[in-house]
Amino acid sequence: MSFYSNFQSDKCPGMITGNPLNGLTEKVCIQAEKIFDAGIKQTQMENYTLTLTDLDPADPTYPLTFVSARSTTSEATVTNLNIERQTDKPCARVQATVSIPVEVLYTDAAGVEGSATGTVSMPVDVLLYVPAPSIMPFTVKAVVSVVAPEGTFISATEGFSVSLCVTIILKIAMPVEILVPSYGYCVIPPAQEYSQEVCAGFFELPLYPQGRPGACKGCNNTCPNG
């Protein structure tokens, strides 16, 4: 059992039925991360030089043949941050460098499969709403995803020249304490153990054949043992 496994309770997440005010018990102060603004940027890049580090195995036989590459984390590192508030609009110009770690898979000249790490660095220059100055500072975060479907080996020092599909979601975030209406604590149902029902089909068979012996379906003859 779980919240979403047919668990019927008014103390669990799910669709609201009836008056949404029914069951409210208190105002609760929760600690959360407030997102003041966010924007998505998707880019296709060609001929990006992806330098390799931390090769495994450490001494491959060159040249290498590219297999694939993709990001290893959903949160990137934001550096070189510069924020310029705009006097004529509520947004600010946000400039930064987003660095995304990727894992590269390849085969070497001897046919041995290997992997390495690399970094995709992208400049961003966007307009986002930035809250007014306060004691609590805001941060600029980047949620990312990168995949490289194609690549060509350059050299042992330069790595691969790859085509990249990059998605970056920039967020203006701040840890806050916020007041929200509450229905009280959740009721946690017991977890349902997973089991592979290898005998399910067999156990569902009837103990004895169903139906009465007699006339066969689709014909007027009777079965020999009927």
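Our subject is the structure listed above.
Residues numbered from 1 in each chain as written. Predicted model: local features only at pLDDT ≥ 70, side-chain atom pairs only at ≥ 80, totals over all residues. Heavy atoms only, no water.

**Q** Mind laying out the overall build of the protein, listing which residues take part and the relevant values?
**A** The secondary structure content of the protein amounts to one helix and eight strands. Element order for the protein, N to C, with α for helix and β for strand: β-β-β-β-β-β-β-β-α. The 226 residues of the protein split such that 23% are buried. For the protein, contacts bridging at least 24 residues in sequence account for 75% of all contacts bridging at least 6. About 15700 Å² of surface is accessible on the protein, with carbon and sulfur atoms providing 55% of the total. When the 12 basic and 21 acidic side-chain charges of the protein are each reduced to a single mean position, those positions are 15 Å apart. (Helix = DSSP H or I, 4+ residues; strand = E, 2+ residues; numbered from the N terminus. Buried < 20%, exposed > 50% of the residue type's maximum accessible area, 1.4 Å probe, protein only. Contact = heavy atoms within 4.5 Å. Areas by Shrake-Rupley, 256 points an atom, 1.4 Å probe, with all protein chains shown as cover. Lys, Arg positive; Asp, Glu negative; His and termini not counted. Charge placed at Lys NZ, Arg CZ, Asp CG, Glu CD.)

**Q** Outline the state of the cysteines, listing residues and values.
**A** Put plainly, two cysteines are in a disulfide when a covalent bond ties their sulfur atoms together. In total, this model carries zero disulfides according to the counting rule given. This cysteine, Cys12, is not joined by any disulfide, and Cys186 carries the nearest cysteine sulfur, 7.5 Å off. For Cys12, a relative accessible area of 16% corresponds to the buried category. (Disulfide = S-S within 2.5 Å.)

**Q** Tell me about the pairing of strand 6 (residues 113–129), residues and numbers included.
**A** Relative to strand 6, strand 2 (residues 53–56) is paired through two bridges, and the arrangement is antiparallel. Looking at strand 6, one finds that Asp56 is bridged to Ser115. When strand 5 (residues 91–107) meets strand 6, the two strands line up antiparallel, connected through 17 bridges. Across the sheet, the residue bridging to Glu103 is Thr117, located in strand 6. Between strand 5 and strand 6, which follow one another and run antiparallel, lie five residues, and Gly111 among them has a positive phi close to 85°. (Pairing = 2+ DSSP bridges.)

**Q** So what about the pattern of salt bridges? Which residues, and what values?
**A** Evaluated as defined, the whole model comprises two salt bridges. Across the pair Lys141 and Glu33 runs a salt bridge whose closest N-O atoms are separated by 2.4 Å. A residue pair is termed long-range when its members are at least 10 positions apart, and Lys141 in strand 7 (residues 139–155) and Glu33 in strand 1 (residues 26–50) qualify at 108 residues. For Asp125, the salt bridge is made with Arg93, and the minimal N-O distance between the two is 2.6 Å. Of this pair, Asp125 sits in strand 6 while Arg93 sits in strand 5, placing them 32 residues apart in sequence. Looking at Asp125, the relative accessible area reads 41%, which means it is partly exposed. The exposure class assigned to Arg93 is partly exposed, which follows from its relative accessible area of 29%. (Salt bridge = Lys/Arg side-chain N within 4 Å of Asp/Glu carboxyl O.)

**Q** Just give me the short version of the packing of aromatic side chains, but keep the residues and values in it.
**A** Tallying each qualifying case throughout the model produces three aromatic pairs. Taking the centre distance of 5.8 Å and the plane angle of 25° together, the rings of Tyr62 and Phe153 count as stacked. Remark: Phe153 occurs in strand 7 and Tyr62 occurs in the loop between strand 2 and strand 3 (65–71); sequence separation between them is 91 residues. Note on Tyr62: relative accessible area 37%, which makes it partly exposed. Three or more aromatic residues link up through ring pairs in this structure, and these residues are Tyr62, Phe66, Phe153 and Phe160. (Phe/Tyr/Trp six-rings, centres within 6.5 Å; stacked < 30°, edge-to-face > 60°.)

**Q** Quick rundown of a nonpolar patch on the surface? Include the residues and the values.
**A** On the surface, Ile16, Leu21, Leu24 and Tyr183 cluster together into a nonpolar patch covering about 380 Å² of accessible area. Counting through the fold element by element, Leu21 comes out in the segment before strand 1. (Patch = residues over 30% accessible without salt bridge, like charges linked within 9 Å, V, L, I, M, F, W, Y side chains within 5 Å.)

**Q** Can you explain unusual backbone geometry? Please cite residues and give values.
**A** Backbone torsion omega between Asp56 and Pro57 reads 5°, so that peptide bond is classified as cis. Relative to the helices and strands, Pro57 is located in the loop between strand 2 and strand 3. The omega angle of the peptide bond from Tyr62 to Pro63 is 5°, so this bond is cis rather than trans. Secondary-structure assignment places Pro63 in the loop between strand 2 and strand 3. Even without being a glycine, Asn80 presents a positive backbone phi close to 50°. Of note, Asn80 is situated in strand 4 (residues 77–85).

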